[in-house]
Amino acid sequence: MMFHEDVIFKSDGQQYGQEFMEILNISGKIIEIHQTEYGIIDPKMYKPDLVFELEDKIVILEFQSTYVDIYDKKRFRFYTALFDYLKNATHKNIELHVLSTIEMQKTKCYNINPESRFPIYL
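Residues numbered from 1 in each chain as written. Predicted model: local features only at pLDDT ≥ 70, side-chain atom pairs only at ≥ 80, totals over all residues. Heavy atoms only, no water.

So, on to the pairing of strand β2 (residues 50–54). Taking burial as the measure, the five residues of β2 include five buried ones, the bulk of the element. Burial along β2 is two-sided: L50, F52 and L54 facing one way and V51 and E53 facing the other are all buried. Note: β2 against strand β3 (residues 57–64), four bridges, orientation antiparallel. The residue of β3 that forms the bridge with F52 is V59. Between β2 and β3, which pair antiparallel one after the other, the connecting turn spans two residues. (Buried < 20%, exposed > 50% of the residue type's maximum accessible area, 1.4 Å probe, protein only. Helix = DSSP H or I, 4+ residues; strand = E, 2+ residues; numbered from the N terminus. Pairing = 2+ DSSP bridges.)

What follows is the structure in structure tokens.
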């Protein structure tokens, strides 16, 4: 995805977040949209695109036009771990969803170790 398209998705996602949830079939009402970055965006810095706090969970939403590879999986896991550590005062479950323009699969997993799997919903 081109950098300017990513900025548009982030901006529109803050305004139309509930509609995004409906399009992606994620149930629940957004009660807070967490700020992830500001208007001047440095493309070298990686931050989650959108973070929606619903009544029963937190949804991190990423936009991507390339295949999800191992580096993306690690980056997505980092986002959830960092958000959980710094901002998840409610101790809600966190889900990561990728709105992909290219992936055909519905779910990918990052296997951290044999007992720990991190699902990524596409």
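There's plenty left to go through after this.
Moving on, we come to unusual backbone geometry. Positive phi, normally seen in glycine, also occurs at N25, with a value near 60°. Mapped onto the elements, N25 comes out in the loop between α2 (17–23) and β1 (30–34). Judged by relative accessible area, N25 falls into the exposed class, the value being 71%. Its identity as a non-glycine residue notwithstanding, H91 has a phi of 60°, on the positive side. Within the secondary structure, H91 sits in the loop between α3 (70–87) and β4 (93–100).

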